[in-house]
Amino acid sequence: MITIAERLQKLPPYLFVDLRQKIQAAKARGVDVISLGIGDPDIPTPDPVVDTLVQAIQNPEDPDRHRYGCDIPVEDFPQAVLDFYQRRYGVPLSDDQVATTLGSKDAIVKLALGILNPGDIGIAASPGYPTYNIGHVCASATTYYAPLLRENDFYVDFDAIPDEIKRLAKVLWINYPNNPTTATADLDFFERAVEFGRQNSILIAHDNAYSENTYDGYRSPSILQVDGAAEVAVEFFSLSKAFNMTGWRLGFVVGTPTAVSAVKTVKDNVDNGSLRALQFAGAKALSIADEVTPAINAVYQKRRDMVVDSLTAGGWAVERPKATMYIWAPVPDRFNGSSRAFATALLEEVGVVVTPGLGYGQWSEGYCRISLTYPDEVIKEAISRIRDFAR
Ligand SMILES: *Cc1c(COP(=O)(O)O)cnc(C)c1O
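Residues numbered from 1 in each chain as written. Predicted model: local features only at pLDDT ≥ 70, side-chain atom pairs only at ≥ 80, totals over all residues. Heavy atoms only, no water.

1. Quick word on the site of the ligand
Around the ligand sit 13 residues, and of these Asp 207, Tyr 210, Ser 238, Ser 240 and Lys 241 come closest. A distance of 2.6 Å separates an oxygen atom of the ligand from a polar side-chain atom of Tyr 210. Taking Ser 240, its side chain carries an N or O atom lying 2.6 Å from an oxygen atom of the ligand. Computed on the free molecule, the ligand has an accessible area of 390 Å², of which 94% lies beneath the protein chains in the complex. The residue makeup of the shell around the ligand, split by class, is three nonpolar, six polar and four charged. (Near = heavy atom within 4 Å. Polar contact = N/O pair within 3.5 Å; in protein donor to acceptor, adjacent residues only side chain to side chain. Areas by Shrake-Rupley, 256 points an atom, 1.4 Å probe, with all protein chains shown as cover. Nonpolar A, V, L, I, M, F, W, Y, C, P; charged D, E, K, R; others polar.)

What follows is the structure, given as structure tokens:
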């Protein structure tokens, strides 16, 4: 009899798999389903990035274009990362502080495999991206959830973390601008996080997936802007949300050389790097960030205002986020704080999919997440249905 590993049995059902199944079931019953459930940009990758990929893969002058990206890496990519961090955040990085990744989701698990021993503890801010815990489970480590509460501006309350946890933990995962709460962090919070890491010998792993998705002139900082951060912090950057490249699988991790090299060692043993053409295209994306992100953000900002204005006018007050491509909305009163009951009723009755907060952990119960990564007409239709329903 073939059996599956206990570690797989320990994984909670993956949030979006569950959601996909519910959507399929509703469609099969004949419901006209529209989804605002998933955060996967509908806007295409910028043309210059696509053109670079096409030219690089077709370039007959490059005899290595089809080869393993790890054996013949493209120096342009780490160089573009160094230039981007210098230009965007004023942070100088050295070569041993950068690793190219197959996107952040993959790299988050690889960092966990690279730094955790069985029985170790990892701290994950909650609500948060499920992959932090998944990495811990893959490394046979345990997750301690640090709640992000509205009354603390969705910041981690470092004083509330028990001494025993501080002693045993090896890593703390944070993410600002935050998915799903949309909260942003200022440098002062990052300073406290770095100080917490230094005092307790805990690596601070900042998932910076949404740093470029910001509105109303807001600019999101990097944790590496904090003095001495590179001794205890790493930052995961992904090209997915910044440049509409979710399917391309490209990102990087920067910061503490020991942690960066742990990721590299896992990569050397598990994946064979990214396609060279992809690395050239990624370098292009980072180099034109200033030119392309304003247009991308203008689209989300318009959608954000459409959703917030329309729901608020309909009597459902939701906050206007200054970053991420989500609206984090408290479920209407008549659902007594049950995000699943609300999401299920919304799907069954008007065919609109939103993500129930509960999927992001117990601390996000009472909320649901509305994603802005759908065409304007789809959002408009969904919002008019939600308004009628929520009333
Ligand atoms: C989308 C997302 C990522 C993953 O991005 P990839 O680079 O595509 O793997 C990581 N963290 C958070 C919080 C995200 O929302």
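2. Regarding unusual backbone geometry
Of the consecutive residues Ser 126 and Pro 127, the connecting peptide bond is found in the cis state with omega at 5°. Structurally, Pro 127 can be placed in the loop between strand 3 (121–126) and helix 6 (131–138). Looking along the chain, the bond that leaves Tyr 176 and enters Pro 177 is cis, with omega of -5°. Secondary-structure assignment places Pro 177 in the loop between strand 5 (169–174) and helix 8 (187–200). Backbone geometry places Phe 154, a non-glycine residue, at a positive phi of 60°. If you check the backbone angles, Asn 244 has positive phi at about 55° while not being a glycine. As for its position among the elements, Asn 244 is in the loop between helix 9 (239–242) and strand 8 (251–255). (Helix = DSSP H or I, 4+ residues; strand = E, 2+ residues; numbered from the N terminus.)

3. Notes on the nonpolar core
Ranked by size, the top nonpolar core spans 60 residues in total, and within it Tyr 85, Val 156, Ile 174, Tyr 176, Phe 237 and Phe 243 carry the most contacts. The leading source of residues in this core is helix 4 (residues 76–89), at seven residues. If near-sequence neighbours (up to four positions away) are discounted, Val 156 is found in contact with Ala 125, Ala 146, Leu 148, Ile 161, Ile 174, Tyr 176 and Phe 189. The next biggest cluster of nonpolar side chains, apart from the first, holds 36 residues, and it includes Val 307, Ala 329, Phe 335 and Ile 370. (Core = buried A, V, L, I, M, F, W, Y, C linked by side-chain atoms within 4.5 Å. Buried < 20%, exposed > 50% of the residue type's maximum accessible area, 1.4 Å probe, protein only. Contact = heavy atoms within 4.5 Å.)

4. Focus: the sheet that holds strand 11 (residues 355–356)
The strand order across the open sheet formed by three strands is 9-12-11, and the pairing between neighbours is antiparallel. Every interior strand has two partners, whereas the edge strands, strand 9 (326–330) and strand 11, have only one. (Pairing = 2+ DSSP bridges.)

5. Here we look at the packing of helix 5 (residues 104–115) against helix 10 (residues 257–270)
At a closest axis distance of 8 Å, the pairing of helix 5 and helix 10 adopts a crossing angle of 105°. Classified by the angle their axes make, helix 5 and helix 10 are roughly perpendicular. Contacts between helix 5 and helix 10 involve Lys 110, Leu 111, Leu 113, Gly 114 and Ile 115 on the former and, on the latter, Ala 259, Ala 262, Val 263, Val 266, Lys 267 and Val 270. Broken down by class, the residue content of the contact of helix 5 with helix 10 amounts to eight nonpolar, one polar and two charged. (Axes fitted to C-alpha atoms, helices over the stretch in contact; angles between N-to-C directions. Parallel < 35°, antiparallel > 145°, perpendicular 65-115°, else oblique.)

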